[in-house]
Amino acid sequence: NAGVTQTPKFRVLKTGQSMTLLCAQDMNHEYMYWYRQDPGMGLRLIHYSVGEGTTAKGEVPDGYNVSRLKKQNFLLGLESAAPSQTSVYFCASSYTGDRGVFSNQPQHFGDGTRLSIL
Amino acid sequence: AQSVSQHNHHVILSEAASLELGCNYSYGGTVNLFWYVQYPGQHLQLLLKYFSGDPLVKGIKGFEAEFIKSKFSFNLRKPSVQWSDTAEYFCAIQATSGTYKYIFGTGTRLKVLA
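Residues numbered from 1 in each chain as written. Chains lettered and ligands numbered in written order. Predicted model: local features only at pLDDT ≥ 70, side-chain atom pairs only at ≥ 80, totals over all residues. Heavy atoms only, no water.

## Some words on the packing of aromatic side chains
So, step 1. Enumeration over the complete set of coordinates arrives at 15 aromatic pairs over all chains.
So, step 2. Ring plane angle 85° and centroid distance 5.4 Å describe the contact between Tyr35(A) and Phe104(B), whose orientation is recorded as edge-to-face. Of the two residues, Tyr35(A) sits in strand 4 (residues 31-38) while Phe104(B) sits in strand 11 (residues 102-104), which places them in two different chains.
So, step 3. Under the relative-accessibility criterion, Phe104(B) is labelled buried at 7%.
So, step 4. Joined through ring pairs, the aromatic side chains of Tyr33(A), Tyr35(A), Phe109(A), Phe34(B), Tyr36(B), Phe51(B), Tyr102(B) and Phe104(B) make up one cluster.
So, step 5. The aromatic ring of Phe51(B) is capped on one face by Lys49(B), whose charged end is 6.0 Å from the ring centroid. (Phe/Tyr/Trp six-rings, centres within 6.5 Å; stacked < 30°, edge-to-face > 60°. Helix = DSSP H or I, 4+ residues; strand = E, 2+ residues; numbered from the N terminus. Buried < 20%, exposed > 50% of the residue type's maximum accessible area, 1.4 Å probe, protein only. Lys NZ or Arg CZ within 6 Å of the ring centre and 35° of its normal.)

Right, dumping it as structure tokens:
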């Protein structure tokens, strides 16, 4: 049971380059999330998805795009990387729960992607 | 606005010492509360959660947390820490109305000396 798998685990980019981070979950969760973790700032929500084909903005969406073409995958894209996007990126997923836009069920996290933008 | 404060950014303890990590939140309504742990090089894992009922919640690995509604607090405790408890601990809240968005605290790094 893999849970939530993120690829790649590490990446170094130059300013202006683009890349896509992949998140895959095998728990049939409806909800998926992308966070960034920066020192002294905890986890901040970038984008989220409440189901296949749907995405929505979180707290810090600027400079990122996402897609949820398949239920099990949630992709995070950086079209033109900037040094301010150097961070550790975590994907998470959860069951739908019983109400609300966000699930009230605990989130299951991936191992993270450490991204450095030079 | 919702916010979560973890005032202890770094904590260093010796093995067998007792642990209490503070978590205070700002939100006028009802919230779900969580503690997550991130061991070095690993992903966040759920330690314990509070939705309703008994305000004293027991989680995995001997951890517990007490929800004190009047103080907007959800402090994490463990009577006797082990070296393997070295990790970063995150408190999180989730409003139970509106968008149910999660808000995470900034984390507390715990180092336990053998």
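Still more ground to cover, so stick around.
## Overview of the sheet that holds strand 1 (residues 4-7) of chain A
All names here are of chain A.
So, step 1. One open sheet holds the 4 strands; their spatial order is 1-3-8-7, and the pairing between them is antiparallel. One side of each edge strand has no neighbouring strand; the edge strands of this open sheet are strand 1 and strand 7 (65-67). This sheet shows a mean twist of 20° between the axes of neighbouring strands, independent of strand direction.
So, step 2. Bridge count between strand 3 (residues 19-25) and strand 8 (residues 73-78): 6 bridges; the pairing is antiparallel. The partner of Thr-20 across the bridge, within strand 8, is Gly-77. (Pairing = 2+ DSSP bridges. Axes fitted to C-alpha atoms, helices over the stretch in contact; angles between N-to-C directions.)

Function cannot be inferred from these measures alone, as they are strictly geometric.
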